[in-house]
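# A closer look at the structure
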Amino acid sequence: MFVQSILVGLLYWLSMGRAHYFFSYALRRPVVLGVLIGWIFGDAQAGLLYGATIQLLYMGGIEAGGNIPSDQALAACIAIPAALLSNLDPTTAVALAIPFGVLGVLINNVRRTINTFFNSRSDTMIEQEKYDKVSLYTFLLPWLTNGVLYFTPVFIATLFGANVVQAFIDFIPEWIMNGLSNAGAMLPALGFGLTLVVMGKRHYIPFFCSRVLCLFNSRFLYADRSSFCIITSNDSVFI
């Protein structure tokens, strides 16, 4: 369990560390993390199921100006291991992921606050013409600081959280658990709703129709014209 906790903590750090932004942006998706976390715990299929269910909640999320409304990577990295170890229902895992997604926003704000110090130091190095030390304050030290901020909570939650989560679940009355499951089942509709709000605007409909036609006629993007599903880079799903 100790090794798995380390691997999940490192996975969250890589997904949010921004060492390579395109790689981190793709890795932080719950559906991707679910497969990797499931592989770490020996059940990639269940991990994919949990990750895909959590992903539905965040499909319509937009990080305007780089401000994340919820940290889907932290939600996945804490909820999926707990769900795998406790054999939770996927809809309950969604409900469990929500508060950790909000906690991730706080961690991200702490990271940005700390980075203001590194920005000041890098400006000082430039003024002193010590250009060889600029990368130290613009990349290396901020990235290592991200490692402490991102690795620590996931490592602790994964290492000690399974028993705590299981005890908490056993303590909760069955009717409350059923309510959480039902709420979790409805929450993905919010992700679809947010996506449809954008896609359903009148001036976007021609672009939507033309894109569907292009994808439908692409030989390498479908297996059967009667039924296909494509998940694009911006999490839009076309069926």
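Values in this document were obtained by computation on a predicted structure and should not be read as measured data. (Residues numbered from 1 in each chain as written. Predicted model: local features only at pLDDT ≥ 70, side-chain atom pairs only at ≥ 80, totals over all residues. Heavy atoms only, no water.)

Along the backbone of the protein chain there are nine helices and two strands. Secondary structure elements of the protein chain, listed N to C terminal, follow the sequence α-α-α-α-α-α-α-α-α-β-β. Here the protein chain holds 239 residues, and the buried ones make up 40% of them. For the protein chain, the proportion of contacts with a sequence separation of at least 24, taken over those separated by at least 6, is 69%. (Helix = DSSP H or I, 4+ residues; strand = E, 2+ residues; numbered from the N terminus. Buried < 20%, exposed > 50% of the residue type's maximum accessible area, 1.4 Å probe, protein only. Contact = heavy atoms within 4.5 Å.)

Let us look at helix α6 (residues 90–127). With 38 residues, α6 should cover 56 Å at 1.5 Å per step; its first-to-last C-alpha distance of 54 Å lies within 8% of that length. The largest bend along α6 reaches roughly 25° and is located at A97, with the proline P99 sitting one to four residues downstream. Following α6 by one or two positions, E129 has its phi on the positive side, about 60°. (Expected span 1.5 Å × (residues − 1). Bend = angle between axes of the 7 residues up to and from the residue.)

This part takes up the environment of T91. The residue T91 is located in helix α6 in this model. A relative accessible area of 18% means that T91 is categorised as buried. Residues T91 and T53, 38 residues apart in the sequence, show an inter-C-alpha distance of 7.3 Å.

Residues F2, V3, L7 and L10 make up a contiguous nonpolar surface patch of about 350 Å² in total accessible area. You can see L10 is positioned in helix α1 (residues 2–16). Looking at L10, the relative accessible area reads 34%, which means it is partly exposed. (Patch = residues over 30% accessible without salt bridge, like charges linked within 9 Å, V, L, I, M, F, W, Y side chains within 5 Å. Areas by Shrake-Rupley, 256 points an atom, 1.4 Å probe, with all protein chains shown as cover. Salt bridge = Lys/Arg side-chain N within 4 Å of Asp/Glu carboxyl O.)

What follows covers unusual backbone geometry. At N87, a position not held by glycine, the phi torsion is positive, near 55°. Tracing the backbone through its elements, the reader meets N87 in the loop between α5 (72–86) and α6.

The biggest cluster of nonpolar side chains holds 32 residues, and the ones touching the most others in it are Y12, L33 and I37. Within the residue set of this core, elements represented by two or more residues are α1, α3 (30–40), α4 (44–57), α5, α6 and α7 (134–171). Among the elements that take part in this core, α5 stands out by supplying ten residues, more than any other. Among all residues touching L33, those that are not within four sequence positions of it are L11, S15, L27, R28, A73, A76 and C77. (Core = buried A, V, L, I, M, F, W, Y, C linked by side-chain atoms within 4.5 Å.)

Turning our eyes to something else, we now look at the packing of aromatic side chains. Tallied over the full model, the rule gives six aromatic pairs. Seen from their ring centres, F151 and F155 are 5.4 Å apart, and the 15° between their planes marks the pair as stacked. Of the two residues, F151 and F155 are both situated in helix α7; the distance of four residues between them amounts to about one turn of the helix. Under the relative-accessibility criterion, F155 is labelled buried at 14%. The rings of F2, F151 and F155 are connected pair by pair, giving a single aromatic cluster. (Phe/Tyr/Trp six-rings, centres within 6.5 Å; stacked < 30°, edge-to-face > 60°.)

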